Protein chains: 12
Amino acid sequence: MATIALLHGPNLNLLGTREPTIYGSMTLEKIEQKIREHAGATHEVRALQSNHEGALIDFIHTAREWADGIVINPGAFTHYSYALRDAIAAVKLPTVEVHLSNIHTREAFRHTSVIVPVCIGQVCGFGWRSYLLGIQALLDYLNDQAQG
Amino acid sequence: MATIALLHGPNLNLLGTREPTIYGSMTLEKIEQKIREHAGATHEVRALQSNHEGALIDFIHTAREWADGIVINPGAFTHYSYALRDAIAAVKLPTVEVHLSNIHTREAFRHTSVIVPVCIGQVCGFGWRSYLLGIQALLDYLNDQAQG
Amino acid sequence: MATIALLHGPNLNLLGTREPTIYGSMTLEKIEQKIREHAGATHEVRALQSNHEGALIDFIHTAREWADGIVINPGAFTHYSYALRDAIAAVKLPTVEVHLSNIHTREAFRHTSVIVPVCIGQVCGFGWRSYLLGIQALLDYLNDQAQG
Amino acid sequence: MATIALLHGPNLNLLGTREPTIYGSMTLEKIEQKIREHAGATHEVRALQSNHEGALIDFIHTAREWADGIVINPGAFTHYSYALRDAIAAVKLPTVEVHLSNIHTREAFRHTSVIVPVCIGQVCGFGWRSYLLGIQALLDYLNDQAQG
Amino acid sequence: MATIALLHGPNLNLLGTREPTIYGSMTLEKIEQKIREHAGATHEVRALQSNHEGALIDFIHTAREWADGIVINPGAFTHYSYALRDAIAAVKLPTVEVHLSNIHTREAFRHTSVIVPVCIGQVCGFGWRSYLLGIQALLDYLNDQAQG
Amino acid sequence: MATIALLHGPNLNLLGTREPTIYGSMTLEKIEQKIREHAGATHEVRALQSNHEGALIDFIHTAREWADGIVINPGAFTHYSYALRDAIAAVKLPTVEVHLSNIHTREAFRHTSVIVPVCIGQVCGFGWRSYLLGIQALLDYLNDQAQG
Amino acid sequence: MATIALLHGPNLNLLGTREPTIYGSMTLEKIEQKIREHAGATHEVRALQSNHEGALIDFIHTAREWADGIVINPGAFTHYSYALRDAIAAVKLPTVEVHLSNIHTREAFRHTSVIVPVCIGQVCGFGWRSYLLGIQALLDYLNDQAQG
Amino acid sequence: MATIALLHGPNLNLLGTREPTIYGSMTLEKIEQKIREHAGATHEVRALQSNHEGALIDFIHTAREWADGIVINPGAFTHYSYALRDAIAAVKLPTVEVHLSNIHTREAFRHTSVIVPVCIGQVCGFGWRSYLLGIQALLDYLNDQAQG
Amino acid sequence: MATIALLHGPNLNLLGTREPTIYGSMTLEKIEQKIREHAGATHEVRALQSNHEGALIDFIHTAREWADGIVINPGAFTHYSYALRDAIAAVKLPTVEVHLSNIHTREAFRHTSVIVPVCIGQVCGFGWRSYLLGIQALLDYLNDQAQG
Amino acid sequence: MATIALLHGPNLNLLGTREPTIYGSMTLEKIEQKIREHAGATHEVRALQSNHEGALIDFIHTAREWADGIVINPGAFTHYSYALRDAIAAVKLPTVEVHLSNIHTREAFRHTSVIVPVCIGQVCGFGWRSYLLGIQALLDYLNDQAQG
Amino acid sequence: MATIALLHGPNLNLLGTREPTIYGSMTLEKIEQKIREHAGATHEVRALQSNHEGALIDFIHTAREWADGIVINPGAFTHYSYALRDAIAAVKLPTVEVHLSNIHTREAFRHTSVIVPVCIGQVCGFGWRSYLLGIQALLDYLNDQAQG
Amino acid sequence: MATIALLHGPNLNLLGTREPTIYGSMTLEKIEQKIREHAGATHEVRALQSNHEGALIDFIHTAREWADGIVINPGAFTHYSYALRDAIAAVKLPTVEVHLSNIHTREAFRHTSVIVPVCIGQVCGFGWRSYLLGIQALLDYLNDQAQG
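The model shown is predicted, which means the values in this text are computed figures rather than measured ones. (Residues numbered from 1 in each chain as written. Chains lettered and ligands numbered in written order. Predicted model: local features only at pLDDT ≥ 70, side-chain atom pairs only at ≥ 80, totals over all residues. Heavy atoms only, no water.)

1. Details of the relation of the copies chain K and chain J
Going by this rule: Alignment of the copies relies on least squares applied to C-alpha atoms, considering only residues that score at least 70 for pLDDT in both. We call two residues in contact whenever any of their non-hydrogen atoms come within 4.5 Å of each other.
Expressed as a screw operation, the relation of chain K to chain J combines 0.0 Å of axial shift with a rotation of 120°, fitting to an RMSD of 0.0 Å. On this basis, the relationship between the two copies can be described by a three-fold rotation axis. Little of the interface of chain K is mirrored in chain J, where only 6% of its interface residues are also at the interface.

2. Here we look at the packing of helix H2 (residues 28-39) of chain C against helix H5 (residues 129-147) of chain C
The description of two packed helices rests on the angle between their axes and on the distance between the axes. Residue and element names in this part refer to chain C. Note the cut-off: The axes used here are C-alpha line fits, helices contributing only the stretch in contact, and every angle between their N-to-C directions lies in the interval 0 to 180 degrees. For helices the rule is a DSSP run of H or I covering at least 4 residues; for strands it is a run of E covering at least 2, with both sets numbered from the N terminus onward. Should the near helix be turned anticlockwise from the far one by less than a right angle, the crossing is left-handed, and should it be turned clockwise, the crossing is right-handed. Here the term charged refers only to Asp, Glu, Lys and Arg, the term nonpolar to Ala, Val, Leu, Ile, Met, Phe, Trp, Tyr, Cys and Pro, and the term polar to all other amino acids, Gly among them.
Contact pair H2 / H5: the axes reach a minimum separation of 10 Å and the direction vectors enclose 35°. When the axes of H2 and H5 are compared, the crossing they make is right-handed. For the pair formed by H2 and H5, the contact residues are Leu28, Ile31, Lys34, Ile35 and His38 on the first element and Tyr131, Leu132, Ile135 and Gln136 on the second. Residues that form the contact of H2 with H5 fall into these classes: 6 nonpolar, 2 polar and 1 charged.

3. Considerations on the relation of the copies chain D and chain A
Superposition of chain D onto chain A requires a rotation of 180° combined with a translation of 0.0 Å along the rotation axis, giving an RMSD of 0.0 Å. Put plainly, the chains are arranged around a two-fold axis. Closest to the rotation axis within chain D is the C-alpha of valine 123 of chain D, separated from it by 2.3 Å. The fraction of interface residues of chain D whose copies in chain A are also interface residues reaches 100%, indicating that both copies meet through the same surface.

4. Here we look at the packing of helix H3 (residues 53-66) of chain F against helix H4 (residues 82-91) of chain F
Residue and element names in this part refer to chain F. Test applied: Note on angle classes: values under 35 degrees are labelled roughly parallel, values over 145 roughly antiparallel, values of 65 to 115 roughly perpendicular, and the remainder oblique.
Interhelical geometry of H3 versus H4 gives an angle of 0° and a closest axis separation of 9 Å. Looking at the two axes, H3 sits roughly parallel to H4. The residues of H4 that touch H3, namely those facing Glu53, Leu56, Ile57, Ile60, His61 and Arg64, are Ala83, Leu84, Ala87, Ile88 and Val91. Of the residues in the contact of H3 with H4, the class split is 8 nonpolar, 1 polar and 2 charged.

5. Some points on unusual backbone geometry
Which entries qualify depends on this criterion: Only protein chains enter the calculation, and the probe is 1.4 Å; a residue is then buried if its accessible area is under 20% of its type maximum, exposed if over 50%, and partly exposed in between.
The phi dihedral of lysine 92 of chain A falls on the positive side, at around 60°, and the residue is not glycine. The topology assignment puts lysine 92 of chain A in the loop between helix H4 (82-91) and strand E4 (95-99). Non-glycine residue asparagine 11 of chain F carries a positive phi angle of around 75°. Here asparagine 11 of chain F lies in the loop between strand E1 (3-8) and helix H1 (20-23). Residue class for asparagine 11 of chain F comes out buried when judged on its relative accessible area of 0%.

6. With respect to helix H3 (residues 53-66) of chain J
Residue and element names in this part refer to chain J. Put simply, the rule is: Multiplying 1.5 Å by the helix residue count minus one yields the expected span of that helix.
Here H3 contains 14 residues, and its C-alpha end-to-end distance of 21 Å stays within 8% of the 20 Å for a straight helix at 1.5 Å per residue. Among all positions of H3, only Glu53, Gly54, Leu56, Ile57, Phe59, Ile60, His61, Ala63 and Trp66 are buried. Each element contacted by the buried residues of H3 is listed here: strand E1 (3-8), strand E2 (44-49), strand E3 (69-73) and helix H4 (82-91).

7. Some remarks on the sheet that holds strand E2 (residues 44-49) of chain K
Neighbouring strands of a sheet are bound in pairs by backbone hydrogen bonds; such pairs are parallel or else antiparallel. The condition that has to hold: The pairing criterion is simple: DSSP has to find at least two bridges between the two strands.
Read across the sheet, 10 strands follow the order E2(H)-E1(H)-E3(H)-E4(H)-E5(H)-E5(K)-E4(K)-E3(K)-E1(K)-E2(K) without closing on themselves; strand pairing throughout is mixed. Of all strands in the sheet, those with a lone pairing partner are strand E2 (44-49) of chain H together with E2 of chain K, marking the two edges. Each neighbouring strand pair of the sheet contributes to a mean axis angle of 20°, computed without reference to strand direction. With 5 bridges joining them, strand E1 (residues 3-8) of chain H and strand E3 (residues 69-73) of chain H adopt parallel strand pairing. Bridge pairing links leucine 6 of chain H to valine 71 of chain H in E3 of chain H. Where helix H3 (residues 53-66) of chain H meets the sheet, its contacts fall on E1, E2 and E3 of chain H, and the angle it forms with E1 of chain H comes to roughly 175°.

8. Let's talk about the interface of chain K and chain J
Quick reminder of the rule: Summed over both partners, the accessible area lost on bringing two parts together, with a 1.4 Å probe, is the buried area. One side-chain nitrogen of Lys or Arg within 4 Å of one carboxyl oxygen of Asp or Glu is enough to make a salt bridge. The definition of a polar contact used here is a pair of N or O atoms within 3.5 Å, where within protein one atom must be able to donate a hydrogen and the other to accept one, and adjacent residues in sequence count solely through side-chain atom pairs.
Across the boundary between the two partners, chain K contributes 18 residues, which contact 16 residues of chain J. The largest share of the area that chain K buries against chain J comes from His61, Tyr82 and Asp86 of chain K, three residues that together contribute 35% of it. Here aspartate 86 of chain K makes a salt bridge to arginine 110 of chain J, at a shortest N to O gap of 2.9 Å. Between the two partners, chain K and chain J, sit 9 residue pairs in polar contact (both at pLDDT 80 or more). Residue assignment for the side of chain K that touches chain J shows that the elements contributing at least two residues are helix H3 (53-66) and helix H4 (82-91) of chain K.

9. Observations regarding the interface of chain D and chain A
Contacts between the two partners involve 20 residues from chain D and, on the opposite side, 20 residues from chain A. For the pair chain D and chain A, the summed buried area comes to about 1800 Å², and 58% of that belongs to carbon and sulfur atoms. Contact with chain A buries area across many residues of chain D, yet Phe126, Arg129 and Leu133 of chain D alone supply 29% of it, more than any other trio. Our count for the chain D to chain A interface comes out at 4 salt bridges. Note that aspartate 140 of chain D and arginine 129 of chain A form a salt bridge whose closest N and O atoms lie 3.5 Å from each other. On inspection of chain D and its partner chain A, the count reaches 11 residue pairs in polar contact (both at pLDDT 80 or more). Elements represented by at least two residues in the side of chain D that touches chain A include exactly strand E5 (121-124) and helix H5 (129-147) of chain D. Counting residues per element, the side of chain D that touches chain A draws most heavily on H5 of chain D, at 6 residues. For the side of chain D that touches chain A, a count of residues per class yields 10 nonpolar, 7 polar and 3 charged.

10. Examining the arrangement of the chains
There is no contact between chain F and chain H; across them, the least C-alpha separation is 21 Å. Note that chain I does not reach chain K: the shortest distance linking a C-alpha of one to a C-alpha of the other is 12 Å.

11. So, the side chain of histidine 99 of chain D
All names here are of chain D. Considering the arrangement of structural elements, one finds histidine 99 in strand E4 (residues 95-99). The class of histidine 99 is buried, set by a relative accessible area of 5%. Looking at histidine 99, its side chain comes within polar contact range of the side chain of glutamate 97, at 2.6 Å. With residues near it in sequence (within four places) discarded, histidine 99 still touches Asn73, Pro74, Thr78, Gln122, Val123, Cys124, Gly125, Phe126 and Ser130.

12. Structural notes on the sheet that holds strand E2 (residues 44-49) of chain C
Taken in spatial order, the 10 strands of this open sheet run E2(B)-E1(B)-E3(B)-E4(B)-E5(B)-E5(C)-E4(C)-E3(C)-E1(C)-E2(C), and their pairing is mixed. Either end of the sheet is taken by a strand with one partner, and the two such strands are strand E2 (44-49) of chain B together with E2 of chain C. Across the sheet, the mean angle from the axis of one strand to that of its neighbour is 20°, orientation sign disregarded. Across the sheet, helix H2 (residues 28-39) of chain B touches strand E1 (3-8) and E2 of chain B, and the angle it forms with E2 of chain B is around 160°.

Purely geometric stuff here, so don't read any function into it on its own.
Below, the structure is given as structure tokens:
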């Protein structure tokens, strides 16, 4: 049984209302429900959405106590929050970066993630399903490690 | 009658004391008073100054409920806060970016705004009057839209 | 009472007919009329539109004799006419740069102005109203200077 | 029921023997078996590994006749094969790009994919499981499209 | 029957005398005669050579009244005259850019045209015949459009 | 009488079906027929379309035996196949590069051709007619050379 | 007697546990104790560690009231927090930037500090001793200033 | 006896009044008088100052008829007028570029001249004396050529 | 006794006929004969020239079975074939890159090799003798390794 | 007891006379005296100032025999002397780089040190005290190493 | 009467023998003789040619004692010797940079001088006469200064 | 019989002791002995190692008198000594550049040589054997020239 820290970066609280042609029309609440269904009863998911970089970092620090891994959609912080990157590197929890949209088909500044170099991997472009795939990737990773 | 969300980014609380040769000697309080006089009785201005990127984003999100438009001086966030940019793009309120100084006569990093691409337009270089011009630009825009 | 030199760069004579989704549907003649109404009886506006860089420079030189300030929409010269820039720097008249469109949402080459570094400030993105705001900014500036 | 075109780019025939610390120790044959198990009886997977850019393009062209979507690990072609990109764009089949390693933790040239802009999305960093996640992403996408 | 505006940029009046190994030994007069022969009796060609950017722009503006399309060899303006570019974009006449020399085998600054993005297409490298090919391309284009 | 080697790069076999708003709706077969009609009975055209860079190079090598010149649409190879460039430079046959679309109005990577520096010239933007213009340019060139 | 504002940026609360090969194994608490011992009884040190950029800025603003100078390890904010830079520039307190690691031997993005241009100087690479050296540098500076 | 074409680019008519700390306080008239004195009775100097790029080019073209060489201060055209460069290259007259100020101690854009590659050499930084040195350099060059 | 895989990239089949001032006048056949003479009876050389990137990769893969090392002149693939690079890295055979010409005195794109980072070393500039030197370097390397 | 090699790069012999607003008014002799006082009787300092890159390198080489560490102010060599860098890397003595001025507030070329990547750390901006801090940093480092 | 320090950088001792098409066929000895003739009896010229950067710097330092100004041809040091630049800036003697060839028509690296920003001005392109013009420029400058 | 000038740049006197994993464990003395053995009795080798750029240049100049060619390992001067480059170009002796390590697998700055463009060719990556191969390459070159 694994406990997963699920983080959503800035503006993701507006999901379902914000530019649905890019981000889809499902709300964050609904997505989290889908994630919990997918993770199933044996796994726990503790989530935080925040528009505050510091709050996300604080949460990652506390996750050292209770989490087995992290799934994070850093939103716009993807492109400049070296602080978030350092937080993930510091706690040494296996982390998966996810994005709803295919960041490579959008404005040039969105193509680069300063966070992905400290993650296991990245999933992008599949709308809310990117989260499910990210959760699955993390659980498989944890399982493989456990079986080592 | 319009309601305007007025945002001041980091360090603007120090206006009037900070580098007056660049930013002028009028305090933020005084500027807001000038703005309210200019906007007049028929328009409402709700203001926030914060040094916290997250607080500015939260405020923009709530503004969806009550504001007709935004005037923002993002301060140093102008140059890197893609999160602020996404917040403005997400709430879809018409937004005007203002700067006290002519950012193009200063250090190279100040020439670029990551926020202006999601705004209607930009006013810079006229000291505290940049705010009045920005407010005027927004009110005219709203009026034109209303008369459509 | 102030006398303002108003300059329109290349292709602005086509305003109202050229790409109205970008530049609006008001003709230059109409805009100048709006400007004169806005400036009012106490201020004089002398205008020149030209597709010739040299003609604009000549006009700026003569303005030393009679103008208190300049409002200029340099059109495409914005991006490469260092000669226009030098002319403004040489006559030492306070100058405001205006643009109809938000140049920061367009092609990359339009984001940069070689002229704005020698201006007081810049107004862009508000269609023909950019001119009115620019005139207002200049008149306020002149007034502030006069009051010292 | 869906038919999936599965493409493996250059050198992937050596999987399991080549730099196992980066690419894992599972052979391509084994991975394809895993994929087929995962896809299940209701879906068909037709695969091609080739070191020849042209062969991969020819295969993509034929896939227009029989495939519902593409999962591709372009190997080193990721970084320069604009011809492969054009092939995917031309056949208009929904495509998912996968990578075994987290390309963003490796040499700089590997960070950029010229192919991902014409794909739905990308999965990287999860070893052979990247394929399973990519297949899943495509099947879900096809299912969502079918349900409209 | 079509009327074509034919423009020659700076220094092209010297053709036949200037660096013949690059530009050939035929004079502009001779080339225009060739063009008129090629265009034939059913089409009219009105030409302007000028070393003045503004004169070329003025001519393009008037061409709105009488021309069906433009063939232009912008000479050195190719590489920096955004004003010429805007003129072509503004009048919305189909335009073909031609060059006598293969600009891609010369100095680096000559490889880029700021004008070609607002043209239908470009022909370069075939000496005075580039003009004939450009005229032909425009006439065919106009014909295709007419036949819808 | 001239013999022309006509080469079509990757994905051009899909012409008429692939993104017709960019590439037009005429098939390659039809275009070749048009070319042969245009070249007329006195000239021979031997054509190859291939998605394999090596096959195009092999064909160019053999062309040394029988061709007077080359017309090539390198497709996506335009932007990176230095091998194709070297092949053309090596056989020393006069070569014309053609493109259906105006490559300068598309993605940035398409603006540059690594092949055009070893060609006589380039024609782009006129749909299938670019081929006819390219053939014409080559025949004229050969004729001029013959007449010395 | 001097009062020093001591600031620690994001993730520095994890010192002693985070990547000890890079940052050493001494905790922040221990380092602060060392600093206080070094500063001695005659000088006061008021410290703040925060993962929130805004909290650091607020603290700097209040320091205007009571501090003689600042020693700051901005952590990852070093590389992008122009807001922190502006805060330091605005309060005009002499500031020393310190880093535990030699930032020039690490990833490229860590080589650049946007904050150091508004500081007196920088000390980096000496582990926790960088703090002591930074404090010493500031105290010496204040002493020199006092002695004129 | 030599005849020299002396050209002054944009804004140089304002010499003596414009930014004297950079350009000195001597008027263009006075400088030309100095030049004529220096050149002496045996040499003729024909001068043109213009703010119009085209006028300078026209003048250079006519100079083919009567001049032995050119001395030019291109002013701001130095940095972008490829048309002026082509004019000089086309007439093949030996040309010396002069600047009043040391362009290398000023804004970055002023460091580069697009014109100097087609000149014999360049003299900059010596105020109005740069002209005398440039004239001298040209006369010596002509003399050397004559003596072959 | 060593077995060496000798690879020649695209267009090298034309050696002796192609641009002899750059590549020399000796044919590939002759060079291979020289190499075999140099390697002597105790060493075996198995060679492949191909214009097909995939064929070279396939050959490298098979070489794992029988070769002790590789000498490769990648021709134009030097500059972009990351697939070839990965093939060499994958088979882990010691590899020497050779070039006939001094690639650093030619066009800028030829200065960079994407393949050399996975080789032992590089020899360039000595015409056909570059091959002999490369063979010698590899044999010496193998000998040193054998002697540990 | 430690022996320290103290190196001063080019032009530092002029200290106290050269641009005192940047470098202070203390002579090198005086600074060395301060350093010796600071190091105290138990440590030895052997110093060299030279304007010759080679002399500094020779000195570093000899220091292998007698020094425990190096403190170096490379002066202008900071920005380009890869030879000095290699010397430091080769002798493997712990090295501290110091600068009198805050190099990050000066011309862009001074922001980068090619030497610091082979040093323990860097101290800059504190005038002659940078030396004392550097000596202290080195002594502490040596002490820590000794105590293991 | 003025005393001038005349410096020649590396390889200039070979003048007259080295690449005469670029540097002319006059020896350094002969040039110095010409300079002395030009300077005349009232002025003294003390010269040094050295291939050692340090020797040139040492000489500049001593020149503080006896020279009124410097004329320097830094040779290849022009492009990278920041130490030479600092030496000139430190001694504060008015300096003129000269070059035999027009550095702007040669390899790209030769276009930039790191030394000219600390000089009064630059003369390039006139062969050995560049020295005479440089001497003249310096003498005139000294004369103007003397006359205030 | 040939006489070869053999030059070793800065820090190469430390060979055998400096970073042996990169540069090998053989001393310079030993390498020179190997070279002399390889060159044999019929050829003479005169060697110089120096950490002084000027000394290497002086030596190259004298080599004009007695050498037939140069083999040089410029060490760190490879990357910035344009003066060394000019020396080699000036004496016109055929020159071979050698490096012990494969410079392309090391830090980015080491990938570029400013010297190789004036050499016949380059050998890198084979440890001390790079010297032998370089000597061989030069002797073969001289022989070929002699047989011309």
